[in-house]
Every structure is written in structure tokens, then in C-alpha cells.
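Listed below, chain by chain, are the residues.
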Amino acid sequence: MGMAADFQHRVEVVTGDITQLSVDAIVNAANTSLLGGGGVDGAIHRAAGPRLREHNATLGGCPTGAAKLTPSFNLADRGVRYIIHTVGPVWNRPDDADGIKLGELHEDILLASCYARSLDLATQHGCRSVAFPAISTGVYRFPKPRAARIALGHVRGHLTGHELPEKVVFCCFSDADAELYRQIITSHRR
């Protein structure tokens with residue numbers, strides 16, 4: 001089995017609520033305070049319960065592009081062992097920056113770092129499966145196609161060199177977002 005086939009075998013795209021997944025670790029698109037917020041961040045805090053916020057209050061926050069691992073608290077009932085909190089960059093540019101090569105923008109590098117640091121933590125803690133939301137694409141306005149290409153590129157790079165995680169799930173908010181990921185994965189077949 002070639003690398004491309006192995007990559008496709010180890011990556012799954014789903015639509016829905018990341019807190020409903022049964023994976024070893026779920027990644028939270030957090031803010032720098034780590035104390036909860038809107039979107040996925042709020043949903044994960046609600047599902048994990050108030051002990052998560054209490055625990056995170058002791059961590060001193062998290063810089064953009066970094067990641068911190070915590071217990072899953074109430075999500076343990078679903079088989080989730082850890083929550084990996086990562087802080088994506090805010091997109092403050094006027095457009096999709098189509099003319100600018102991927103990886104040339106500071107935001108690209110920070111978003112890539114979110115995926116790399118999260119995968120490193122998952123691997124270090126023996127996670128066989130990890131689920132990611134589309135980091136920075138909500139209120140942080142990172143263009144979705146650009147974010148998806150960065151996410152998949154970094155996940156592919158990690159999986160190429162590591163046994164763990166065995167499976168990476170991209171949990172998308174809508175079917176349209178999921179379709180975007182599937183198209184990029186299919187284009188990697190070559």
C-alpha cells in the first residue's frame with residue numbers, strides 16, 4: 001500500500017458535533033484564555049463540564065499556534081481521553097489571498113503550527129485517534145479552502161512519519177465544508 005492510499009485510509013471526514021465523537025482526543029479551537037468561548041470551543045466546554053474551565057484557569061492561557069493537552073472530564077464517558085486545546089490565528093486580511101502561495105503568510109504558519117503541535121501531543125500521549133474541527137474558519141475568518149489545504153498537508157506529513165495517531169477525523173460543521181476536505185483528499189491521490 002502506497003503512502004497516498006495509507007493517508008486516505010487513516011483520514012476520515014465527518015459532518016456534525018465533535019463532542020459526539022468517540023476518539024482518544026478531540027482538538028478544541030480555543031482562544032488564548034483557554035476559558036471557553038463561542039462555536040466549537042463553547043460546545044466542548046459545555047460537554048466536558050465545569051471542571052474543564054477550572055482546570056484550564058490554572059494553565060496560564062495558550063499562545064496562538066501552540067497547543068495544550070488536558071483531561072476530557074465529562075467526555076470520558078464517551079471514551080474521549082484528552083482534549084487538546086489549540087489557538088488558531090485570526091484572519092485580518094481583506095480576501096482569500098489567492099495570489100499568495102500557501103505557507104507564505106504568517107497566518108498560514110501559525111495555523112500549520114496548531115495542527116503540528118496538536119498531532120505531536122496526541123502522538124506523545126499514545127492517542128490512536130484524534131478529531132479536529134476546522135481551526136480558525138469560524139469567527140476567526142480564515143478562508144476555508146486555504147485552511148483545509150494547510151490542515152490536510154500537515155496531517156499528511158505527520159502520518160507519513162508516525163504510527164500514531166492511526167486515524168485522524170476532520171469534523172466539519174456543514175456538508176459543504178466536508179465536501180471541500182474530500183475534494184482536497186481526492187486530489188492528493190496522484
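This write-up is about the structure you can find in this document. Since we're looking at a predicted model, the values are computed, not measured.

1. Topic: unusual backbone geometry
Point 1. Cis rather than trans, the peptide bond between Leu164 and Pro165 has omega equal to -10 degrees.
Point 2. As for its placement among the helices and strands, Pro165 is situated in the loop between α5 (144-161) and β6 (167-172).
Point 3. Located in the positive-phi region is Phe73, a residue other than glycine, with phi close to 50 degrees.
Point 4. When you line up the elements, Phe73 lands in the loop between β3 (67-71) and β4 (82-87).

2. So, the nonpolar core
Point 1. Core analysis: the largest hydrophobic core is formed by 37 residues, its most contacted members being Tyr115, Phe132, Val155, Phe170 and Tyr181.
Point 2. Broken down by secondary-structure element, the contributors of at least two residues to this core are β1 (11-15), β2 (25-30), β4, α4 (106-124), β5 (129-132), α5, β6 and α6 (175-187).
Point 3. Ranked by size, the runner-up nonpolar core spans 15 residues in total, among them Val14, Leu21, Leu75 and Ile83.

3. A few points about α5
Point 1. A rise of 1.5 Å per residue sets the reference length of α5, with its 18 residues, at 26 Å; its end C-alpha atoms lie 26 Å apart and thus fit the reference within 8%.
Point 2. Within α5, burial applies to Arg146, Ala147, Ala148, Ile150, Ala151, Leu152, Val155, Arg156, His158 and Leu159.

Definitions and limits used
- Residues numbered from 1 in each chain as written.
- Predicted model: local features only at pLDDT ≥ 70, side-chain atom pairs only at ≥ 80, totals over all residues.
- Heavy atoms only, no water.
- Helix = DSSP H or I, 4+ residues; strand = E, 2+ residues; numbered from the N terminus.
- Core = buried A, V, L, I, M, F, W, Y, C linked by side-chain atoms within 4.5 Å.
- Buried < 20%, exposed > 50% of the residue type's maximum accessible area, 1.4 Å probe, protein only.
- Expected span 1.5 Å × (residues − 1).

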